[in-house]
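Residue strings, one per chain:
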Amino acid sequence: QVQLVESGGGLVQAGGSLRLSCAASGSIFRINTMGWYRQAPGKQRELVAAITTGGSTNYADSVKGRFTISRDNAKNTVYLQMNSLKPEDTAVYYCAAKGVVTVAKTYEDYWGQGTQVTVSS
């Protein structure tokens, strides 16, 4: 079984910064893509940023230039540095591990439990 544990959420004023971390544990052979999604009240879950094993990244237009995603493949950990935060960034942020290959040769996607980010105006 694979588990994702997130940390780093909280309350911050507009213009501030937060750094989210997500560590994957279990019988992992490889994680193809790790990423962050968010869901605000009354809205659908949306992709914030994703990064492949090779370091290719993809960002939502709304966070380009403000957020930076990175990962440590050796630690199966992904980070999201969020700068210049805006009230509209308020949401529950979910870590995702897509295309997880385990030592048992299974291939699945996994999600974290979510961490709240609240940006006050």
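If you're wondering where the values come from, they're calculated on a predicted model, not measured in any experiment. (Residues numbered from 1 in each chain as written. Predicted model: local features only at pLDDT ≥ 70, side-chain atom pairs only at ≥ 80, totals over all residues. Heavy atoms only, no water.)

## Considerations on the sheet that holds strand S1 (residues 2–7)
- A sheet is described by the order of its strands in space; here four strands give the open sequence S1-S3-S8-S7, paired in antiparallel fashion. Because the sheet does not close on itself, it has two edges, and the strands there are S1 and strand S7 (67–72). Between one strand axis and the next, the sheet turns by 15 degrees as a mean value, whatever way the strands run.
- Bridging between S1 and strand S3 (residues 18–26) involves six bridges; their strand directions are antiparallel. (Pairing = 2+ DSSP bridges. Helix = DSSP H or I, 4+ residues; strand = E, 2+ residues; numbered from the N terminus. Axes fitted to C-alpha atoms, helices over the stretch in contact; angles between N-to-C directions.)

## Examining the environment of Leu 80
- Position of Leu 80 relative to the elements: it lies in strand S8 (residues 77–82).
- Each C-alpha atom, one on Leu 80 and one on Leu 18, is 8.2 Å from the other, the two residues being 62 residues apart in sequence.
- Not counting the four nearest positions on each side in its chain, Leu 80 is found in contact with Leu 18, Arg 19, Leu 20, Trp 36, Val 48, Ala 49, Phe 67, Thr 68, Ile 69 and Tyr 93. (Contact = heavy atoms within 4.5 Å.)

## Description of the state of the cysteines
- Under the definition given, this model contains one disulfide.
- Two residues share a disulfide in this structure: Cys 22 and Cys 95, whose sulfurs sit 2.1 Å from each other. Disulfide Cys 22 to Cys 95: torsion about the S-S bond roughly -80 degrees, handedness left-handed. Pair noted here: Cys 22 is in strand S3 and Cys 95 is in strand S9 (residues 91–102), with a separation of 73 residues, a long-range link.
- A relative accessible area of 0% means that Cys 22 is categorised as buried.
- Since its relative accessible area comes to 0%, Cys 95 is described here as buried. (Disulfide = S-S within 2.5 Å. Buried < 20%, exposed > 50% of the residue type's maximum accessible area, 1.4 Å probe, protein only.)

## Looking at the side chain of Arg 66
- Take Arg 66: it is sitting in the loop between strand S6 (57–59) and S7.
- Taking the relative accessible area as the measure of exposure, Arg 66 reaches 11% and is therefore buried.
- A distance of 2.9 Å separates the side chain of Arg 66 from the backbone oxygen of Ser 84, its partner in a polar contact.
- A polar side-chain atom of Arg 66 sits 2.8 Å from a polar atom in the side chain of Asp 89. (Polar contact = N/O pair within 3.5 Å; in protein donor to acceptor, adjacent residues only side chain to side chain.)

## Section: unusual backbone geometry
- Phi angles above zero are rare outside glycine, and Ser 84 is one such case at about 50 degrees.
- You can see Ser 84 is positioned in the loop between S8 and S9.

## Observations concerning the pairing of strand S5 (residues 46–52)
- By the bridge criterion, six bridges tie strand S4 (residues 28–39) to S5 in an arrangement that is antiparallel. Directly across from Thr 33, in S5, lies its bridge partner Thr 52.
- With antiparallel pairing between neighbouring strands as the criterion, S4 and S5 make up a hairpin whose turn holds six residues, including Gly 42 at a positive phi of roughly 75 degrees.
- Pairing between S5 and S6: three bridges, direction antiparallel. Bridge assignment links Ala 49 to a residue of S6, and that residue is Tyr 59.

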